[in-house]
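Chain residues, written in single-letter form:
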Amino acid sequence: MRYPQGGGLTAERQAFRERVRMEAVGMFTAGRGSTEIAKELRVSVRSVQRWREAGQDAVRSRGPVSRPKLSDRLFAVLEEELAKGPVAHGWPDQRWTLARIKTLIGRRFHKSMTLSGISQMLRRRGWSHQVPARRAAERDEAAVAGWVKEVWLHLEPPRRRSGPGSSSRTRQDSR
């Protein structure tokens, strides 16, 4: 199974899927049919047929496709760096963004990762995105209200009026 964003199966999920394949191999030796095995294991008949053709040695897991970019030791160092905060690394505010974490990884470990790869790595290690619990004390409500009334109206396109038309995107007013 391939994942477009560079993800993959966790070690637990790989072990679970290997157990399912090994159960199927045990059922092969008992002389059970592919359809029966597929129903019991909740997999496709074609998968069972492929496993039967491949044999016991071929259905064993070969481990992860690639090693993680950051080992456990390097990830612990990254966590220490993140705990220092963005200001300690030269950014003007206290927000960690994926782009900043990517820059930090590049500076500290001389490794390049994609933003989605960084996001997945952090999620696997128990990190999640955070949203401020309260509004900033420096927020000027009058300035925000004025901006919404004056600037936002010019930025937002006007809404279309409801009326007769067509659901077709290619032939707008044809009936």
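Summary of the structure given here. (Residues numbered from 1 in each chain as written. Predicted model: local features only at pLDDT ≥ 70, side-chain atom pairs only at ≥ 80, totals over all residues. Heavy atoms only, no water.)

Here's the deal with the packing of helix α5 (residues 98–109) against helix α6 (residues 115–124)
- The N-to-C vectors of α5 and α6 enclose an angle of 90°; their axes lie 9 Å apart at closest approach. In this view, α5 runs roughly perpendicular relative to α6, as classed from their interaxial angle. Here Leu98, Ala99, Ile101, Lys102 and Ile105 of α5 come into contact with α6, specifically with Leu115, Ile118, Ser119, Met121 and Leu122. (Axes fitted to C-alpha atoms, helices over the stretch in contact; angles between N-to-C directions. Helix = DSSP H or I, 4+ residues; strand = E, 2+ residues; numbered from the N terminus. Parallel < 35°, antiparallel > 145°, perpendicular 65-115°, else oblique. Contact = heavy atoms within 4.5 Å.)

Structural notes on the layout of surface pockets
- Put simply, the second largest pocket is a space of about 530 Å³.
- Around the second largest pocket sit 16 residues that line it, and Trp96, Ile101, Ser128, His129 and Gln130 are the ones nearest its centre.
- For the lining of the second largest pocket, the elements supplying multiple residues, two or more each, are α5 and α6.
- Residue contributions to the lining of the second largest pocket peak at three residues, all from α6.
- Broken down by class, the residue content of the lining of the second largest pocket amounts to eight nonpolar, six polar and two charged. (1 Å grid on protein atoms, 1.4 Å probe; cavity = no way out; pocket = protein on both sides within 12 Å on 5 of 7 lines; lining within 4 Å. Points joined across faces, edges and corners; volume = space filled by probe spheres on them. Nonpolar A, V, L, I, M, F, W, Y, C, P; charged D, E, K, R; others polar.)

Things to note about the packing of aromatic side chains
- Under the defined criterion, the tally for this structure stands at two aromatic pairs.
- Where tryptophan 91 meets tryptophan 96, the ring centres are 5.7 Å apart and the plane angle is 70°; that geometry is what we call edge-to-face.
- A residue is classified by how much of its surface remains accessible, and tryptophan 91, at 16% relative accessible area, is buried.
- On the accessibility criterion, tryptophan 96 (25% relative accessible area) is partly exposed.
- Taking 6.0 Å as the distance between ring centres and 35° as the angle between the ring planes, the aromatic pair formed by tryptophan 147 and tryptophan 152 counts as tilted. (Phe/Tyr/Trp six-rings, centres within 6.5 Å; stacked < 30°, edge-to-face > 60°. Buried < 20%, exposed > 50% of the residue type's maximum accessible area, 1.4 Å probe, protein only.)

Brief notes about the environment of alanine 99
- Examined against the element boundaries, alanine 99 turns out to sit in helix α5.
- A relative accessible area of 42% places alanine 99 in the partly exposed class.
- Expressed as a C-alpha distance, the spacing of alanine 99 and threonine 114, which sit 15 residues apart in the sequence, is 9.1 Å.

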